[in-house]
Amino acid sequence: MSFVVSASQTTKVPVATSPKRHFGDVAFKYTTTIFAGFVLLLVLLMGFEMYMQAKPTIEKFGWSFLTRTVWDPVQEEYGALPFVFGTLFSSLIALVIALPLSIGIAIFLSEMAPRWLEPPLSFLIELLAGIPSIVYGLWGIFVLVPWIRISLEPLLSRHLDFIPLFRGAPYGYGMLAAGLILSIMVLPIVTSISRDVLKAIPQTQREASLALGATKWESVKLILGDAKSGIFGAVLLGLGRAIGETMAVTMVIGNTPSISISLFDPGYTMASVLANEFTEATTAMYLSALIEIAFLLFGITIIINMLARLLVWSVTKK
Amino acid sequence: MQTELLEQPNTPTILPIETLQVMPMIKMSARNVDAFFGKAQVLHNISLDVPANKVLAIIGPSGCGKSTLVRCLNRMHEVAGGTMAGLVLLDDRDIYKEDAVRIRKRIGMVFQKPNPFPTMSIFDNVAVGLKLNGLATRRNIGEVVERSLKQAALWDEVKDALNKSGVSLSGGQQQRLCIARTLAVSPEVILMDEPASALDPIATAKIEELIHDLKKKYTIVIVTHNMQQAARVSDLTAFLYMGKLIEYDETKKIFTNPSIKQTEDYITGRFG
């Protein structure tokens with residue numbers, strides 16, 4: 001094995017060992033650290049401020065605020081459950097619709113698409129994310145909701161009314177409209193992150209499976225196995241987007257604080273109730289209840305986004 | 001086979017008759033293979049035979065088309081977006097007229113960088129090919145995994161840790177795991193694309209030893225830019241330069257008495 005050695009004997013490069021560091025570098029380091037720290041501080045301050053402002057209802061209702069279903073500003077009775085339910089339910093519908101589509105598109109973009117087609121298609125999908133939500137909302141009111149009322153809901157209730165999800169009067173406005181509009185808004189995020197995760201998997205993995213005699217489909221399945229946690233992260237990021245979405249949802253969900261399993265019934269989300277009722281919150285308790293809902297929403301989105309980022313990083317950073 | 005070879009007067013680099021008489025069974029052949037990436041031609045009119053149960057080493061400077069040549073032999077060239085012309089025969093049948101998936105099951109491949117599946121255990125990494133090919137039954141799968149790992153000289157090191165992740169192994173072990181994965185589907189030919197270039201000398205020695213054992217059962221084509229390695233492991237050596245096959249002969253002959261000046265220059269380190 002003696003012939004392997006020769007090339008590695010290079011001369012040592014002298015390393016700067018002087019203890020005095022450049023002033024500019026030190027200043028630069030601390031300035032940027034302060035800037036970065038500012039973001040963290042901002043988040044903590046926001047949390048703290050919301051907590052302080054929400055104190056009256058936190059003290060009055062305690063944890064039961066989360067489980068109460070009344071929302072009666074006149075009697076000063078507040079409970080967040082319908083809003084939490086509305087937020088989670090509409091987001092869940094959105095994910096159920098968007099997930100297969102997004103992953104399908106992502107697989108097409110990273111594994112199947114001819115090289116010339118991928119950039120324009122990716123661009124179009126990311127463009128969807130750039131459309132202001134008020135535009136989605138208007139489209140929802142004038143196009144989606146009438147279509148749901150006239151075509152989709154009668155069709156569903158005619159054929160699927162043995163499932164509780166599809167029972168009730170076809171209003172148009174409601175969970176189904178909110179879920180559909182959210183699914184379109186979530187699609188670009190889940191798609192583009194899933195695509196990035198898939199593309200981060202080295203080509204050698206694809207070749208390994210193909211060289212073993214895998215078909216394209218089997219090879220993609222193996223790649224999906226590797227990308228699992230990253231794609232799950234993409235889904236959580238999409239969920240975070242759906243949970244926080246305000247305008248478009250407010251415009252189509254019907255804004256009624258009720259809990260119903262039927263997709264046809266109207267609902268209310270945390271973000272919508274904040275947007276709708278802030279101007280009317282005249283009493284201290286009312287305001288406090290709204291801020292506590294905001295605090296809840298803040299907490300849920302932070303946790304979901306952190307989980308999602310961790311999962312995506314665990315894949316793409318390798 | 002011999003008559004067919006003689007009928008190709010314009011391909012000067014087919015094995016000489018004396019060599020063929022000693023090892024008449026030809027497992028694979030390339031006939032006038034040209035390979036391209038887009039408009040760039042990477043291989044020019046390559047013809048060579050790979051006798052069964054022998055090790056053929058393909059040597060040559062970086063960029064001479066060694067990897068492309070082996071990738072033409074199991075239809076992986078097209079996976080990377082390349083095109084080719086000419087014939088590649090496996091047991092006298094044109095592999096480009098058959099199903100690529102089935103061909104790749106018969107011609108296994110080991111890559112330059114060890115590439116075990118990162119989310120799979122050691123066991124699953126070896127078993128994956130069986131599962132893909134529908135060869136797996138609950139009974140035989142453990143047997144095949146054990147046999148493949150033994151053949152790849154890895155069994156003793158991993159037998160107590162089969163559930164550990166494949167990427168937890170060292171680089172050399174990972175490469176032997178990839179060899180075991182390839183062996184598990186019982187290929188007839190094994191292509192190795194610089195299988196030891198990312199490994200340290202000890203791991204390299206193990207892989208070379210392994211190649212020696214494997215040629216009893218398999219036909220092996222190994223790409224290497226390490227000439228000493230070619231000299232140690234192979235029976236036949238093909239020297240490629242600028243996409244052309246310069247010389248192809250018994251390894252002994254190539255390294256002691258090459259008939260072409262360019263080969264000699266490369267072997268002795270005068271260029272490349």
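Residues numbered from 1 in each chain as written. Chains lettered and ligands numbered in written order. Predicted model: local features only at pLDDT ≥ 70, side-chain atom pairs only at ≥ 80, totals over all residues. Heavy atoms only, no water.

1. A look at helix α3 (residues 66-73) of chain B
Residue and element names in this part refer to chain B. Burial within α3 is extensive, with seven of its eight residues counted as buried. Of all the residues in α3, the buried ones are K66, T68, L69, V70, R71, C72 and L73. Just downstream of α3 lies R75, where phi reads positive at about 60°. (Buried < 20%, exposed > 50% of the residue type's maximum accessible area, 1.4 Å probe, protein only. Helix = DSSP H or I, 4+ residues; strand = E, 2+ residues; numbered from the N terminus.)

2. Focus on the packing of aromatic side chains
Across all of its chains, the model carries 12 aromatic pairs over all chains by this definition. With 4.9 Å between their ring centres and 20° between their planes, B:F239 and B:Y266 make a pair best called stacked. In this pair, B:F239 is assigned in strand β9 (residues 236-241) and B:Y266 in helix α12 (residues 261-267), connecting sequence segments 27 residues apart. Put simply, the rings of A:F61, A:F65, A:W71, A:Y78, A:F83, A:Y268 and A:Y286 pair up and form one aromatic cluster. Residue placement shows B:R181 over the ring face of B:F117; its charged tip is 4.8 Å from the ring centre. (Phe/Tyr/Trp six-rings, centres within 6.5 Å; stacked < 30°, edge-to-face > 60°. Lys NZ or Arg CZ within 6 Å of the ring centre and 35° of its normal.)

3. Description of helix α4 (residues 118-130) of chain A
Residue and element names in this part refer to chain A. Counted at 1.5 Å a residue, the expected span for α4 with its 13 residues is 18 Å, and the 19 Å between its end C-alpha atoms agrees. Within the span of α4, buried status applies to E118, S122 and I125. For α4, the buried positions fall inside an angular range of 65° around the axis, keeping them on one side. Exposed and oriented more than 90 degrees from the buried face of α4 are F123, L124 and G130. (Expected span 1.5 Å × (residues − 1). Arc of directions from axis to C-beta.)

4. Some details on a nonpolar patch on the surface
All names here are of chain A. Together, F38, L41, L42, L45, M46, F48, Y51 and M52 make up a nonpolar patch on the protein surface, roughly 780 Å² of accessible area in all. Tracing the chain through its elements places M46 in helix α1 (residues 23-53). Classification of M46 as partly exposed rests on a relative accessible area of 42%. (Patch = residues over 30% accessible without salt bridge, like charges linked within 9 Å, V, L, I, M, F, W, Y side chains within 5 Å. Areas by Shrake-Rupley, 256 points an atom, 1.4 Å probe, with all protein chains shown as cover. Salt bridge = Lys/Arg side-chain N within 4 Å of Asp/Glu carboxyl O.)

5. Quick look at the confidence of the model for chain A
Segments scoring low in pLDDT should not have their predicted coordinates read at a detailed level. On average, residues of chain A score 87 in pLDDT, and 92% of them are at 70 or above. Below a pLDDT of 50 lies the segment residues 1-10 of chain A, which in the model reaches seven contacts outside its immediate sequence neighbourhood of four places, other chains included. (pLDDT = per-residue confidence, 0-100. Contact = heavy atoms within 4.5 Å.)

6. As for the pattern of salt bridges
Residue and element names in this part refer to chain B. Taken as a whole and assessed by the stated rule, the structure comprises 26 salt bridges over all chains. E188 is paired through a salt bridge with K27; the nearest N and O atoms lie 2.9 Å apart. With E188 in the loop between α8 (171-184) and β7 (189-193) and K27 in strand β1 (residues 26-37), this pair connects stretches of sequence that are 161 residues apart. We note a salt bridge from E78 to R75, for which the minimum N-O separation is 3.1 Å. Using a relative accessible area of 32% as the deciding quantity, one classes E78 as partly exposed. Residue classification places R75 among the buried residues on the basis of a relative accessible area of 11%. Connected via shared salt-bridge partners are K27, D91, R106 and E188.

7. Section: the interface of chain A and chain B
Listed per partner, the contact involves 18 residues of chain A and 27 residues of chain B. In this assembly, chain A packs against chain B so that about 2000 Å² is buried in total across both faces, 67% of it on carbon and sulfur atoms. Our enumeration of links across chain A and chain B arrives at one salt bridge. A salt bridge links A:E207 to B:R71; the nearest nitrogen and oxygen atoms lie 2.6 Å apart. Scanning the region where chain A abuts chain B turns up four residue pairs in polar contact (both at pLDDT 80 or more). Among the elements that make up the side of chain A that touches chain B, the one with the highest residue count is helix α7 (residues 203-211) of chain A (seven residues). When grouped by side-chain class, the residues that make up the side of chain A that touches chain B number nine nonpolar, six polar and three charged. (Buried area = accessible area lost by both parts, 1.4 Å probe. Polar contact = N/O pair within 3.5 Å; in protein donor to acceptor, adjacent residues only side chain to side chain. Nonpolar A, V, L, I, M, F, W, Y, C, P; charged D, E, K, R; others polar.)

8. Comments concerning the pairing of strand β2 (residues 40-51) of chain B
Residues and elements named next belong to chain B. Pairing of β1 with β2 involves eight bridges; the strand directions are antiparallel. Within β2, the position partnered with V33 by the bridge is I46. From the end of β1 to the start of β2, which pair antiparallel, there are two residues, and G38 there has a positive phi angle of about 60°. (Pairing = 2+ DSSP bridges.)

9. Details of the sheet that holds strand β5 (residues 93-94) of chain B
All names here are of chain B. With antiparallel pairing, four strands are arranged side by side in an open sheet as β2-β1-β4-β5. Two strands bound the open sheet, and with one partner strand each, they are β2 and β5. As defined by bridge partners, strand β4 (residues 83-90) adjoins β5 across two bridges and the pair is classed as antiparallel. By the bridge assignment, L90 is partnered in β5 with R93. Lying on the sheet, α3 is in contact with β1, β2 and β4; it crosses β2 at an angle near 60°. (Axes fitted to C-alpha atoms, helices over the stretch in contact; angles between N-to-C directions.)

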